[in-house]
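Each chain is listed here by its residues.
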Amino acid sequence: MRLSLSLVAAFTLLTAAPDARAQAYRDGPPPEHRIVYRDLTLFRWNPLGLITDGRLTYRYRLYESESVALRDNFISVGVAPSLSGAFARIGPTVEIQPASFLQLWGLYEVIGYFGAFNFLQSFPSAANANYSDSELSRRNGLESGDPLKNYSTTGTQLILGANLQFKVGPVAARNLLRVGRPDMKIRGGDRVFYDIFYDLLVGDGGWWYSNDTDVLVQGLDNSLSVGLRWTTAQALYSDDHFAPGDSRPSAPGAIHRIGPVAAYTFKQPDGAAIEPTLLLVLNWWLKSPYRTGQDVSQGVPYIVAALNITGDLLSPPIKPPKTPSQPEPPPPVPPRAP
């Protein structure tokens with residue numbers, strides 16, 4: 001790799017967001033029009049979950065550039081379905097990526113809980129609500145009609161996000177920030193509910209945030225990436241989420257976990273219909289209302305094992321062979337799991 005490209009790449013932000021809708025082009029700018037998909041299927045432990053989360057979007061390239069820092073730009077619209085044994089979510093999504101290093105996106109989803117696997121559970125107040133795994137399991141075992149039993153319901157949620165990523169030599173870093181506002185049809189008299197997707201007690205009609213920061217080292221062929229992930233998340237309560245006389249300091253605070261992450265991508269040519277990535281996350285809880293010894297031992301890790309499949313549904317244009325003066329840019333960082 002020539003020095004000129006190395007200096008550019010040292011501050012180039014990578015093209016694949018942690019929950020990337022499809023792979024970025026590695027060999028030159030992408031075509032003007034793309035239809036891309038991503039399906040992330042994962043098994044999760046502590047909390048338990050088996051989830052498939054997908055995206056199908058149309059991308060329109062905003063401008064053409066040979067610069068690695070700028071060329072993966074687009075605006076896109078699409079649909080975002082998600083399914084587990086406890087819930088289903090689907091809704092439209094919009095993404096704006098003005099340059100390879102930054103993506104802004106929004107999702108408005110309709111959510112349906114099936115009343116299975118201990119969910120949905122809601123509570124009268126954010127203060128002193130017990131949403132531990134043990135309590136959720138106990139409530140799931142109550143007789144039908146019991147006012148404390150989990151139940152099926154529907155609602156909507158707005159999620160806004162910003163993805164930022166860069167690479168210096170073999171070291172890549174990225175940050176994914178999400179903020180959300182749910183509006184669920186919860187039980188009369190309840191003000192908050194437990195969202196299993198983010199492991200948060202969230203206020204109905206209130207905001208929450210979740211942030212993932214990864215630092216990764218990539219192998220020589222950039223197929224293997226290993227590194228460290230720090231996750232933090234918190235529900236932002238208002239007075240509406242507390243019963244009269246409740247103490248606000250007794251509401252849950254931010255959660256934190258940290259640990260290694262590894263991913264291996266079976267690299268395919270640009271525009272390929274299928275490019276799979278295997279992902280493993282092994283984190284430990286630093287702060288949690290119930291996962292640092294209160295209900296689950298702090299020695300029990302948060303585990304994610306996932307398969308991420310991305311691809312293009314339109315045939316890529318035929319490109320002339322690459323010359324020695326066109327060195328290959330750094331590949332995208334592997335996808336993120338929830």
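Heads up: these notes are all about the structure in this document. (Residues numbered from 1 in each chain as written. Predicted model: local features only at pLDDT ≥ 70, side-chain atom pairs only at ≥ 80, totals over all residues. Heavy atoms only, no water.)

**Considering the nonpolar core**
Reasoning step 1: In this structure, Y113 and Y237 are the most contacted members of the largest nonpolar core, which totals 49 residues.
Reasoning step 2: A per-element tally of this core places strand β7 (residues 102-114) first, with 4 residues.
Reasoning step 3: The contacts of Y113, once residues within four sequence positions are left out, are A86, F87, R89, F119, L120, Y151, S152, T153, M184, Y194, D195 and I196. (Core = buried A, V, L, I, M, F, W, Y, C linked by side-chain atoms within 4.5 Å. Buried < 20%, exposed > 50% of the residue type's maximum accessible area, 1.4 Å probe, protein only. Helix = DSSP H or I, 4+ residues; strand = E, 2+ residues; numbered from the N terminus. Contact = heavy atoms within 4.5 Å.)

**Notes on a nonpolar patch on the surface**
Reasoning step 1: A cluster of nonpolar side chains, contributed by Y58, Y60, L62, Y63, L70, I75, V77, V94, I96 and L104, occupies part of the molecular surface with about 780 Å² of accessible area.
Reasoning step 2: Elements with a minimum of two residues in the nonpolar patch: β2 (49-60), β3 (74-79) and β6 (92-99).
Reasoning step 3: Positionally, V94 belongs in strand β6.
Reasoning step 4: With relative accessibility at 40%, the residue V94 sits in the partly exposed group. (Patch = residues over 30% accessible without salt bridge, like charges linked within 9 Å, V, L, I, M, F, W, Y side chains within 5 Å. Areas by Shrake-Rupley, 256 points an atom, 1.4 Å probe, with all protein chains shown as cover. Salt bridge = Lys/Arg side-chain N within 4 Å of Asp/Glu carboxyl O.)

**Topic: the environment of D221**
Reasoning step 1: When you line up the elements, D221 lands in the loop between β13 (207-218) and β14 (224-236).
Reasoning step 2: For the pair D221 and K267, spaced 46 residues apart in sequence, the C-alpha separation works out to 9.4 Å.

**Concerning helix α2 (residues 133-140)**
Because an α-helix completes one turn every 3.6 residues, residues spaced three or four positions apart along the sequence face the same direction.
Reasoning step 1: If you check which residues of α2 are buried, you get E135, L136 and R139. The buried residues of α2 occupy an angular sector of 100 degrees when projected down its axis, which confines them to one face.
Reasoning step 2: Summarising the contacts, the buried residues of α2 are in contact with β8 (122-123) and β11 (192-195). (Arc of directions from axis to C-beta.)

**Remarks on the pairing of strand β10 (residues 171-184)**
Reasoning step 1: The pairing of strand β9 (residues 152-168) with β10 spans 14 bridges and is classified as antiparallel. Following the sheet pairing, I159 is matched in β10 by G180.
Reasoning step 2: From the end of β9 to the start of β10, which pair antiparallel, there are 2 residues, and G169 there has a positive phi angle of about 60 degrees.
Reasoning step 3: The sheet contact formed by β10 and β13 spans 10 bridges and is antiparallel. What sits directly across from A173, in β13, is V215. (Pairing = 2+ DSSP bridges.)

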